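Listed below, chain by chain, are the residues.
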Amino acid sequence: MKTDLSTHTISVPFHKAAVGEEEAQAAAEVIRSGWLTMGPQTLEFERQFAEYVGAKYALAVNSCTAALHLALEAVGLKEGDEVLVPTVTFTSTAEVVAYFHAKPVLVDVDAATLNISVEDAERRITSRTRAIIPVHLAGQPCDMDEVHALAAKHGLRVIEDAAHSLPASYHGKTIGALSEITCFSFYATKTLATGEGGMVTTDDAGIADRVRIMRLHGIGRDAWKRYTSEGSWYYEVLAPGYKYNLTDVQSAIGLVQLRKCAEMRSKRAEIARRYNEAFGKLPTLEIPTLKNDRESALHLYILRLNRDKLRINRNEFVAALKQREIGTSVHFIPLHMHPYYRDTYGYDSADFPVATREYERYMSLPLFPDMSEEQIHHVIESVTSIAEQNRI
Ligand SMILES: *Cc1c(COP(=O)(O)O)cnc(C)c1O
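> How would you summarise helix α4 (residues 64-74) if you had to cite specific residues and measurements?
For α4, a buried count of nine out of eleven residues is recorded, marking the element as mostly surrounded by other parts of the structure. Along α4, the residues classified as buried are Cys 64, Ala 66, Ala 67, Leu 68, His 69, Leu 70, Ala 71, Leu 72 and Glu 73. Buried positions along α4 lie against β1 (57-61), α5 (92-99), β5 (157-161), β8 (181-185), β9 (198-202) and α8 (205-214). Structurally, the start of α4 carries an N-cap: the backbone nitrogen of Thr 65 is 3.3 Å from a side-chain oxygen of Ser 63. A positive backbone phi angle near 80° is found at Gly 76, which sits one or two residues after α4.

> Can you lay out the packing of helix α10 (residues 314-323) against helix α13 (residues 373-389) for me, pointing to particular residues and giving the numbers?
One way to put it is that α10 packs onto α13 with a least axis distance of 10 Å and a crossing angle of 135°. As judged from the angle between their axes, α10 and α13 are oblique. Crossing angle aside, the handedness with which α10 passes α13 is right-handed. Where α10 abuts α13, its residues Phe 317, Ala 320 and Leu 321 lie against Ser 382, Val 383, Ile 386 and Ala 387. Within the contact of α10 with α13, the residues separate by chemical class into six nonpolar, one polar and no charged.

> Break down unusual backbone geometry for me, citing the residues and quoting the values.
Backbone torsion omega between Leu 166 and Pro 167 reads -5°, so that peptide bond is classified as cis. By secondary structure assignment, the location of Pro 167 is in the loop between β5 and β6 (169-170). Cis geometry is found at the peptide bond from His 331 to Phe 332, where omega equals 0°. The backbone of Leu 298 sits at a positive phi, close to 50°, despite the residue not being glycine.

> Could you give an account of the sheet that holds strand β12 (residues 301-305), naming the residues involved and the relevant values?
Spatial ordering of the open sheet is given by β10-β12-β13, a layout of three strands whose pairing is antiparallel. Among the strands making up the open sheet, the edge pair consists of β10 (285-286) and β13 (362-365). Where helix α9 (residues 248-279) meets the sheet, it contacts β10, β12 and β13, and its direction lies at approximately 15° from that of β12. On top of the sheet, α10 reaches β10, β12 and β13; it is set at about 20° to β13, its chief contact.

> So what's going on with the sheet that holds strand β11 (residues 294-295)? Which residues, and what values?
One open sheet accounts for three strands, arranged β7-β6-β11; its pairing is antiparallel. Strands with a single pairing partner mark the edges of an open sheet, and in this sheet they are β7 (173-174) and β11. When β6 meets β11, the two strands line up antiparallel, connected through two bridges. Within β11, the residue paired with Tyr 170 across the bridge is Arg 294.

> Lay out the domain arrangement of the protein in plain terms, naming residues and giving numbers.
Assigned domains of the protein: these are domain 1 (21-258) and domain 2 (261-389). Each of domain 1 and domain 2 has a C-alpha centre, and the two are 26 Å apart. If you look at the interface, domain 1 gives 45 residues, while domain 2 gives 36 residues. In total, domain 1 and domain 2 occlude about 3,300 Å² of area from one another, counting both sides; carbon and sulfur atoms represent 59% of this. Where domain 1 packs against domain 2, one counts two salt bridges.

> Describe the nonpolar core, and please don't skip the residues or the numbers.
Judged by nonpolar contacts, the single largest core of 86 residues is most densely connected at Phe 45, Phe 49, Val 97, Ile 132, Ile 159 and Phe 184. It is α4 that contributes the most residues to this core, seven residues altogether. Two domains share this core, each providing at least three of its residues, namely domain 1 (21-258) and domain 2 (261-389).

> With reference to specific residues and values, describe the site of the ligand.
In the vicinity of the ligand there are 16 residues, among which Thr 65, Asp 161, His 164, Ser 185 and Lys 190 approach most closely. Separating an oxygen atom of the ligand from a side-chain N or O atom of Thr 65 is a distance of 2.5 Å. Coverage of the ligand by the protein amounts to 93% of the 380 Å² it exposes when considered alone. Broken down by secondary-structure element, the contributors of at least two residues to the shell around the ligand are α4 and α5. Class assignment of the residues belonging to the shell around the ligand gives a composition of six nonpolar, eight polar and two charged.

> Please give an account of the packing of aromatic side chains that cites residues and values.
This model, assessed by the stated rule, comprises 16 aromatic pairs. With 6.4 Å between their ring centres and 65° between their planes, Phe 279 and Tyr 301 make a pair best called edge-to-face. Here the residue Phe 279 occupies a position in helix α9, and Tyr 301 occupies one in strand β12, the gap between them amounting to 22 residues. Exposure remark for Phe 279: the relative accessible area of 0% places this residue in the buried category. Relative to Tyr 362, the ring of Tyr 359 lies with its centre 6.1 Å away and its plane at 70°, an arrangement referred to as edge-to-face. Take Tyr 359: its relative accessible area is 14%, and that puts it in the buried class. Judged by its relative accessible area of 0%, Tyr 362 falls in the buried class. Cluster of aromatic residues (ring-pair linked, three or more members): Tyr 340, Tyr 341, Tyr 345, Tyr 347 and Phe 352.

Each value, and the rule that gives it
Residues numbered from 1 in each chain as written. Predicted model: local features only at pLDDT ≥ 70, side-chain atom pairs only at ≥ 80, totals over all residues. Heavy atoms only, no water. Buried < 20%, exposed > 50% of the residue type's maximum accessible area, 1.4 Å probe, protein only. Helix = DSSP H or I, 4+ residues; strand = E, 2+ residues; numbered from the N terminus. Contact = heavy atoms within 4.5 Å. Polar contact = N/O pair within 3.5 Å; in protein donor to acceptor, adjacent residues only side chain to side chain. Axes fitted to C-alpha atoms, helices over the stretch in contact; angles between N-to-C directions. Parallel < 35°, antiparallel > 145°, perpendicular 65-115°, else oblique. Left-handed = near helix turned anticlockwise from the far one by under 90°. Nonpolar A, V, L, I, M, F, W, Y, C, P; charged D, E, K, R; others polar. Pairing = 2+ DSSP bridges. Domains from an automatic or database assignment. Buried area = accessible area lost by both parts, 1.4 Å probe. Salt bridge = Lys/Arg side-chain N within 4 Å of Asp/Glu carboxyl O. Core = buried A, V, L, I, M, F, W, Y, C linked by side-chain atoms within 4.5 Å. Near = heavy atom within 4 Å. Areas by Shrake-Rupley, 256 points an atom, 1.4 Å probe, with all protein chains shown as cover. Phe/Tyr/Trp six-rings, centres within 6.5 Å; stacked < 30°, edge-to-face > 60°.

Written out as structure tokens, the structure is:
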């Protein structure tokens, strides 16, 4: 058996959740309590989450996709309406619009940050445009002053897709307390991980009420109390709602993760700083552009290749990293390039010149709090030598 080879190879997964004994203990306690679904842990998670981001209300749900769906429901999106969505995002951001038989109007991105271009968004507004969903890509907040100004001018609702941006801030204000509605993800790879999970934050009591009702079958508020000793058998269905609630097992994990949130961010920040230091010197590579009037959650490290200075393309670069057992990903394949969006709405790459061009040259490197010194070094050494060996 040739075991000597494998023991000398350092492998770096693209991501590993920073969960351990504390999370296991918290989940085990919930299981031992005998109360498995939404209950006291979820209420406490909501309370602490709202406080953490500085919002009046936080409603826990089972994914960010559910959060976005409920947000659009709460603002009354209707069939035939249009919603502005950046093309560089995960399909969740746009699919929820299609749930309503409304149209996701894809918008090109800013070349520097890859966030939604507010200028391009304005060009795509019609009499049917109802809302805009800015996505804080990689954790860096969008130009929210401009987004809010555009929304005010055209009477649009603003729903933030903050799946990448916990914790992040814009002009000193925490993401989650900036717009009418903000949606977070606790998916396994996100900055606060409960496996699956999400949160809606808002300062609006009416929206909070609607989300609270619709996440659990449209049953009148506090319906879950009927399962507790103080509850009763009586409940009222107010609307055909959804089954989007979060369980107490997940919320218990979330409470531990929330306490570690800032520390996890600073560990990612240190890794990103070292990547920047190493890759910023190389003419073949372009490091992320971070604006100094806002703080990124640093969820992803998106590196771009300067194609005119390299002999290999992004796919070949990714393959070379894979050979060295380094996991990478691409965030994201622009939505207008996927068969569903292209064929259903007739999107054409020529209408999204920036996203189409940048997509060809970006990739995401491993960036997670528990990366070891050897792993960080292996990524830096590998990226540098692949770039140097293939320099024109
Ligand atoms: C992960 C992600 C989502 C969806 O989150 P889920 O909790 O998995 O539903 C939405 N938007 C963006 C930008 C994401 O990266």
